Amino acid sequence: AGLANEAMATDSPRRPSRCTGGVVVRPQAVTEQSYMESVVTFLQDVVPQAYSGTPLTEEKEKIVWVRFENADLNDTSRNLEFHEIHSTGNEPPLLIMIGYSDGMQVWSIPISGEAQELFSVRHGPIRAARILPAPQFGTQKCDNFAEKRPLLGVCKSTGSSGTSPPYCCVDLYSLRTGEMVKSIQFKTPIYDLHCNKRILVVVLQEKIAAFDSCTFTKKFFVTSCYPCPGPNMNPIALGSRWLAYAENKLIRCHQSRGGACGDNIQSYTATVISAAKTLKTGLTMVGKVVTQLTGTLPSGVTEDDVALHSNSRRSPLVPGIITVIDTETVGEGQVLVSEDSDSDGIVAHFPAHEKPVCCMAFNTSGMLLVTTDTLGHDFHVFQILTHPWSSSQSAVHHLYTLHRGETEAKVQDICFSHDCRWVVVSTLRGTSHVFPINPYGGQPCVRTHMSPRVVNRMSRFQKSAGLEEIEQELTSKQGGRCSPVPGLSSSPSGSPLHGKLNSQDSYNNFANNNPGNPRLSPLPSLMVLMPLAQIKQPMTLGTITKRT
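Note that this is a predicted model, so its numbers are computed, not measured. (Residues numbered from 1 in each chain as written. Predicted model: local features only at pLDDT ≥ 70, side-chain atom pairs only at ≥ 80, totals over all residues. Heavy atoms only, no water.)

### Let's talk about the side chain of Arg421
Structurally, Arg421 is set in the loop between strand E24 (411-416) and strand E25 (422-427). Reaching out from Arg421, the side chain makes a polar contact with the backbone oxygen of Thr448 at a distance of 2.8 Å. Residues contacting Arg421, with those up to four places away along its chain left out, are Phe435, Pro436, Ile437, Thr448, His449, Ser451, Pro452, Arg453 and Val454. (Helix = DSSP H or I, 4+ residues; strand = E, 2+ residues; numbered from the N terminus. Polar contact = N/O pair within 3.5 Å; in protein donor to acceptor, adjacent residues only side chain to side chain. Contact = heavy atoms within 4.5 Å.)

This is the structure in structure tokens:
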């Protein structure tokens, strides 16, 4: 992004639209500012120009948003030359999408550092944009836009027709020819775009519309999303096949086993956190009583909060519910989760939070889902285990509660590492909280996170020590191994005390690396983790030195 900013700072702020043959910006050395120069730059950015009385000498473009994009160009599964990274030195390039006040750009930055402009459009502000991957289709489907791909989906303030309301259409541009090949119109504003190899998802307020990636015809739509105050107005998570969204009610006949209210055994830390939340809730209730008696609002309770609670008494909507659907098996038309509807295409339906969900994300495999509510105190990591019959037979294991703190914060993005050993949650305050997790749950340790690869659930010591044989011996009816007396054993680990402790079903399944039936009790125990690192963009520049 810095390379693109240097290029945009030197050029005119009104650049023409182009798709191919863009400019190339060579890498430049980063010039470090002195402490006084940093303070002056900070004051110039914070203090409005109206107070200074001096006009700007150089007009620069304002960056509204910036995001890294994953597309076919840097997908290692589609480019065989990227598989030989260690031998040839090839690495997939970075794709950076930069949104300005009057358009957007797409830059490709290879390992050499020479940023190449791939696409540029200047027709007003752009709220969302996605590079669509090549579709995955069978023998019965054909790609109608094969000669135009790769495609770029853009949600602009003014559509192609010019008569629609702002941000109410999705225009699809061809990165090969630069022309617009498709335009999808809506009656309400669009808030975000998501895509995979199967569908293009358009996120509206309290609605979701999915389109086929080959023909861009409407495949299904959801109208029962729970409203969120922001920054994500309608949070969803799209994996390679599953789609998760916030449902506005809990239907018991479709509810999966587990979730945030499952019968997990909380740790001491979770109990302390729960007690702190209970105390805070009690203080809030006391404040509401004071409000009713005096007719005034105490400090810390806003009118919007009171209005929200008053509306929730009359509204049947239930916050914090998550529904996961299979985009392949779900029927066409409206997806409705109700007592009268069947469970075709519904993977899981469970409560995740007590407050409205504001952000969620799948991991690379699509089996783990991280959710957070509007308070931003805790982030929940769920493992979704499906059942071919119905969503009520599926299991949702609450593996982790990632505790950020007791102050409120609005989460704007969640990201997994590729090996699913790290989760990063970013807030609007500019802080990214890094949490260590395991894909299968359990306490993160040096063995699980200091290795360059994902390790097994059981260590080599547990296997070489013969814990599997010991467990089978303890659970057998004949008693101990190599002992004529039932109940005794020649092994020191076969004492009655060890047998009593190790004969628990959960530990037995853990030691044998066999989870048994994951949809039956006991569910895995919940673990509460604190952030291992907090990465923050500094607002006070005096705290940063060259050493840090």
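### Some remarks on the pattern of salt bridges
Evaluation of the coordinates by the stated rule reveals 11 salt bridges. For Glu69, the salt bridge goes to Arg67, with nearest N and O atoms at 2.5 Å. For Arg67, a relative accessible area of 24% gives the class partly exposed. Residues Glu328 and Arg198 are paired through a salt bridge, measuring 3.0 Å at the closest nitrogen-oxygen approach. Here Glu328 is found in the loop between strand E17 (321-326) and strand E18 (333-334), whereas its partner Arg198 is found in the loop between strand E10 (190-195) and strand E11 (199-204), with 130 residues between them in sequence. Take Glu328: its relative accessible area is 37%, and that puts it in the partly exposed class. (Salt bridge = Lys/Arg side-chain N within 4 Å of Asp/Glu carboxyl O. Buried < 20%, exposed > 50% of the residue type's maximum accessible area, 1.4 Å probe, protein only.)

### Section: the sheet that holds E17
The strands making up a sheet are joined through hydrogen bonds of the backbone, oriented either antiparallel or parallel. A sheet is described by the order of its strands in space; here 4 strands give the open sequence E14-E15-E17-E19, paired in antiparallel fashion. Two strands bound the open sheet, and with one partner strand each, they are strand E14 (236-238) and strand E19 (346-351). Looking at each pair of strands side by side, their axes are set apart by 15° on average, direction ignored. Note: E14 against strand E15 (residues 242-247), 3 bridges, orientation antiparallel. Bridge pairing in E15 links Ala237 to Ala244. (Pairing = 2+ DSSP bridges. Axes fitted to C-alpha atoms, helices over the stretch in contact; angles between N-to-C directions.)

### As for the environment of Tyr400
Looking at where Tyr400 falls in the secondary structure, it is placed in strand E23 (residues 395-403). Residue Tyr400 is classed as buried on the basis of its relative accessible area, which comes to 0%. Separated by 17 residues in the primary sequence, Tyr400 and Gln383 place their C-alpha atoms 9.5 Å from one another. Ignoring sequence-local partners within four residues, the contact set of Tyr400 consists of Phe379, His380, Val381, Ile437, Asn438, Gly441, Gly442, Pro444, Leu526, Met527 and Leu529.

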